[in-house]
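Next come the chains, spelled out residue by residue.
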Amino acid sequence: MGAPDSIQWFPGHMTRTRRKMAEIMPLIDLVTEIRDARIPYSSRNPELDALTQGKPRICLLNKTDMADENATRGWIACLEREGVPALPIDCKSGRGIGGFVPLVRQVLREQIERWKAKGMVNRPLHVLVAGIPNSGKSSFINRLSKGGRAKVEDRPGVTRGNQWFTVEGGLLLLDTPGVLWPKFEDQTVARHLAYTGAIRDQILDCEELACGLLTLLARDYGPLLQARYKLSDSEIALPEGEPAAGWELLQAVGRRRGMLISGGEVDTERAAVMLLDEFRGGKLGRITLEQPQ
């Protein structure tokens, strides 16, 4: 067993969302893209450049409390080298969010001065908040807004339409539905999105998904995997030192957790669900699946 051969998702609202974003873009001063700090490359939307029509951009790396700190620092530096100001945040704890409004005003400072010269003092800044499903957009807006609460659930595809929210500091935030592109050309991207829960588990084979994740973790975060599931060196690696096959690791994890069925076999489906839940909940430690290049 291995990672899924092909993952595709065709959201029915994609065309409608594109049209709505195109209609609203003339009103937008700045675009904020929220990405998952554990998968900063895979959680970007490659269509956003075209959709946002060259508007100023900033990037927020969310869920940094679950991500590898060194990797996050590297990603921030990488984004800034590309000309995209970036900020590490965590919407659940609120860490880093206080730097958002000052960063927006800094990026738009020249435009704000031009408005002041025209007598447009204290003009609200219209900021579009974009991100793939389950990136934390609604949680982020709820942390900042005082004009209402965006709907939040820990599953993809909850926000259904455009909503405006008032934020202290003279900002109006526009929440949009999470947008994934209609077909995944890069299956590594698709798997990474699936590992973090950006794609609904109902359309996936959880056992294959868990095997793929375990292979990655054994390679890059073996000590964390061993500590969490009390795995031995022989279970985490093959004799020649190569990471154990995902299926073998899944069985070892299931045995350590006592997930056995009749005959002493491991209930691999139950073990897979448990593993994915614990990874997504940050219980394995601070892990980033993609390193900055």
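No experiment lies behind these values; they were computed from the predicted model shown. (Residues numbered from 1 in each chain as written. Predicted model: local features only at pLDDT ≥ 70, side-chain atom pairs only at ≥ 80, totals over all residues. Heavy atoms only, no water.)

## So, the confidence of the model for the protein chain
Point 1. Mean pLDDT over the protein chain stands at 85; residues scoring 70 or higher make up 83%.
Point 2. Of all secondary-structure elements in the protein chain, the lowest mean pLDDT belongs to helix α1 (residues 14-24), at 75, while strand β3 (residues 86-88) reaches the highest, 98.
Point 3. Note on residues 1-12: pLDDT under 50 across the span, and 38 contacts to partners over four residues away in sequence or across chains.
Point 4. Low pLDDT, under 50, characterises residues 150-160; the predicted model gives this stretch 29 contacts beyond four residues in sequence or across chains. (pLDDT = per-residue confidence, 0-100. Helix = DSSP H or I, 4+ residues; strand = E, 2+ residues; numbered from the N terminus. Contact = heavy atoms within 4.5 Å.)

## Considering the nonpolar core
Point 1. If you look at the biggest cluster of nonpolar residues, it comprises 38 residues, and the most contacted ones within it are Leu213, Leu225, Tyr229, Leu231, Leu249 and Leu289.
Point 2. At the level of secondary structure, the elements contributing two or more residues to this core comprise α7 (187-196), α8 (206-220), α9 (222-229), α11 (246-256) and α12 (268-280).
Point 3. No other element matches the 9 residues that α8 contributes to this core.
Point 4. With near-sequence residues (within four places) excluded, Leu225 lies in contact with Leu214, Leu217, Ala218, Lys230, Leu231, Ile236, Leu249 and Leu284. (Core = buried A, V, L, I, M, F, W, Y, C linked by side-chain atoms within 4.5 Å. Buried < 20%, exposed > 50% of the residue type's maximum accessible area, 1.4 Å probe, protein only.)

## Some remarks on the side chain of Arg38
Point 1. For Arg38, the location among the structural elements is in the loop between β1 (30-36) and α2 (48-51).
Point 2. Of note is the side chain of Arg38, whose polar atom sits 2.7 Å from the side chain of Asp36.
Point 3. Those residues in contact with Arg38 that sit more than four places away from it in its chain are Lys63, Met66, Ala67, Thr196, Phe279, Arg280, Ile287, Thr288, Leu289 and Glu290. (Polar contact = N/O pair within 3.5 Å; in protein donor to acceptor, adjacent residues only side chain to side chain.)

## What to know about the packing of α8 against α12
Geometrically, a packed helix pair is captured by the angle between its two axes and the distance between the axes.
Point 1. Between α8 and α12, the shortest axis-to-axis distance is 8 Å and the interhelical angle comes to 55°. The angle between the axes of α8 and α12 places the two elements in the oblique class. When the axes of α8 and α12 are compared, the crossing they make is left-handed. Note on element contacts: α12 touches α8 through Thr268, Glu269, Ala272, Leu275, Leu276, Phe279 and Arg280, opposite Cys206, Glu207, Leu209, Ala210, Leu213 and Leu214.
Point 2. Grouping the amino acids of the contact of α8 with α12 by side-chain chemistry returns 9 nonpolar, 1 polar and 3 charged. (Axes fitted to C-alpha atoms, helices over the stretch in contact; angles between N-to-C directions. Parallel < 35°, antiparallel > 145°, perpendicular 65-115°, else oblique. Left-handed = near helix turned anticlockwise from the far one by under 90°. Nonpolar A, V, L, I, M, F, W, Y, C, P; charged D, E, K, R; others polar.)

## Details of the pairing of β1
Point 1. In terms of burial, β1 is a largely internal element, 7 of the 7 residues being buried.
Point 2. Neither face of β1 is left uncovered, since the one carrying Leu30, Thr32, Ile34 and Asp36 and the one carrying Val31, Glu33 and Arg35 both have all their residues buried.
Point 3. Across 5 bridges, β1 lies against strand β4 (residues 125-131) in parallel orientation. In the sheet register, Thr32 faces β4, and the bridge partner there is Val129.
Point 4. As paired elements, β1 and strand β2 (residues 57-62) share 6 bridges and run parallel to each other. Residue pairing across strands places Asp36 opposite Asn62, the latter belonging to β2. (Pairing = 2+ DSSP bridges.)

## Considering the pattern of salt bridges
Point 1. Following the criterion strictly, the structure yields 13 salt bridges and no others.
Point 2. Put simply, Lys116 and Glu113 hold a salt bridge, and the shortest N to O gap is 3.9 Å. Within this pair, Lys116 and its partner Glu113 are both found in helix α5 (residues 109-117), separated by 3 residues, close to a single helical turn.
Point 3. Given the relative accessible area of 43%, Lys116 is considered partly exposed.
Point 4. The partly exposed category is assigned to Glu113, whose relative accessible area is 48%. (Salt bridge = Lys/Arg side-chain N within 4 Å of Asp/Glu carboxyl O.)

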